Amino acid sequence: MPSYNNLEKLKTCIFSIMMQRFTDYEVWIIDGASTDGTQEYLKTLGQRFNFISEEDSGIYHAMNKGIEKSKGEWLYFLGADDKFSSNQTLLLCFMLREFANEKLLIGNVQYSNEIKFISSFTSKLWFKNTVHHQSVFYKRELFDNVRYDENYKVLADYHLNLQLFKQGIAYKKIDSIVAVCGGEGISKNYNWNLYREEIQLKTALTSIFIKPIFYTLGISKYFFRRVF
């Protein structure tokens, strides 16, 4: 969980974890040297809650630090603005389900304005980001040889998910709301950096013959947002 100077929402987020009926978990809060009392609060948490507080270079740098610290079989990345949808979220996702070769568990999210985001891990991912980051549980082994690419400051999670889709990683889709998200995140600012990264990550993962399509699509989406 990346965190930086967001104490009150962080408390709500952590409370939603504490209330989970499924308790076989560990939490790593990667705090970016907050100055709002976050560090003092984190010191009061129980043994399942671990933290480090030091400067970092952004959200994905913090997430990569968390991956290094983690010991669990599955990893989940929860923002300090977010919270689990109910006290049964982890129970419904894990204790009541069987897994064969699946390495991704993909649900859905709901924004605080009650709009739902239904994640879809299909070929549509090549055209738009159809997987919400807070809807996905990742098998820890997926990160044995990969991390979030910190060259992407806005869309590193999109880049990772597109890589996994391209590799044909097995997944299980569940029709459940995993998290309630406080906002639409840094990837919804719709500035040029967003579309520039989208073009870069798609062209990096495809053949030279397809690259022009993604250049055209990215630029067109940017101008559409600027106009409308």
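Above this text is the structure in question.
First things first, this report covers the structure right here in the doc. (Residues numbered from 1 in each chain as written. Predicted model: local features only at pLDDT ≥ 70, side-chain atom pairs only at ≥ 80, totals over all residues. Heavy atoms only, no water.)

Focus: the overall build of the protein
Argument step 1. Summing up its helical and strand segments, the protein has seven helices and nine strands in all.
Argument step 2. Here the protein has a C-alpha radius of gyration of 18 Å; the compact-globule value for 228 residues is 17 Å, and the two agree.
Argument step 3. Its C-alpha atoms put the protein at 55 × 45 × 35 Å along the principal axes.
Argument step 4. The burial tally for the protein puts 47% of its 228 residues in the buried class.
Argument step 5. Look at the contacts in the protein between residues 6 or more apart in sequence, and 72% of them connect residues 24 or more apart.
Argument step 6. Within the protein, the 25 negative side-chain charges are centred at a point lying 6 Å from the centre of the 28 positive side-chain charges. (Helix = DSSP H or I, 4+ residues; strand = E, 2+ residues; numbered from the N terminus. Rg over C-alpha atoms; globule rule 2.2 N^0.38 Å. Buried < 20%, exposed > 50% of the residue type's maximum accessible area, 1.4 Å probe, protein only. Contact = heavy atoms within 4.5 Å. Lys, Arg positive; Asp, Glu negative; His and termini not counted. Charge placed at Lys NZ, Arg CZ, Asp CG, Glu CD.)

Thoughts on the pattern of salt bridges
Argument step 1. One pass over the structure, following the stated rule, counts eight salt bridges.
Argument step 2. Notably, a salt bridge pairs Glu54 with Lys65, separated by 2.8 Å at the nearest N-O pair. Here Glu54, found in the loop between strand 3 (49–53) and helix 3 (59–69), pairs with Lys65, found in helix 3; they are eleven residues apart in sequence, far enough to count as distant.
Argument step 3. A relative accessible area of 14% places Lys65 in the buried class.
Argument step 4. One salt bridge in this structure joins Glu141 and Lys103, with 3.1 Å as the shortest N-O distance. Placement of the pair is Glu141 in the loop between strand 8 (136–139) and helix 5 (156–166) and Lys103 in the loop between helix 4 (89–95) and strand 6 (104–111), with a sequence separation of 38 residues.
Argument step 5. Assessed through its relative accessible area of 40%, Glu141 is described here as partly exposed.
Argument step 6. For Lys103, a relative accessible area of 28% corresponds to the partly exposed category. (Salt bridge = Lys/Arg side-chain N within 4 Å of Asp/Glu carboxyl O.)

Details of the pairing of strand 9 (residues 171–181)
Argument step 1. Bridge analysis of strand 5 (residues 83–84) against strand 9 gives two bridges, and the strand direction is antiparallel. Note on strand 9: the bridge partner recorded for Lys83 is Val180.
Argument step 2. For strand 6 and strand 9, the ladder comprises seven bridges, and the chain directions are parallel. Across the sheet, Leu105 pairs through a bridge with Lys172, a residue of strand 9. (Pairing = 2+ DSSP bridges.)

A word on the nonpolar core
Argument step 1. Of all hydrophobic cores here, the largest spans 32 residues; its most connected members are Met1, Ile14 and Phe137.
Argument step 2. For this core, the elements supplying multiple residues, two or more each, are helix 1 (7–18), strand 2 (27–31), helix 2 (38–42), strand 4 (74–76), helix 4, strand 6 and strand 9.
Argument step 3. Take this core: its biggest share by element is five residues, from helix 1.
Argument step 4. Ignoring any residue separated from it by four or fewer positions in sequence, one finds Phe137 in contact with Trp74, Leu75, Tyr76, Leu90, Cys93, Phe94, Lys103, Leu104, Leu105 and Val178. (Core = buried A, V, L, I, M, F, W, Y, C linked by side-chain atoms within 4.5 Å.)

Quick notes on the environment of Pro2
Argument step 1. Within the secondary structure, Pro2 is located in strand 1 (residues 2–3).
Argument step 2. Here Pro2 falls in the buried class, since its relative accessible area comes to 15%.
Argument step 3. With 64 residues separating them in the primary sequence, Pro2 and Gly66 have C-alpha atoms 8.4 Å apart.
Argument step 4. Contact partners of Pro2, with chain neighbours within four places excluded, come to Ile30, Ile59, Ala62, Met63, Leu78 and Ala80.

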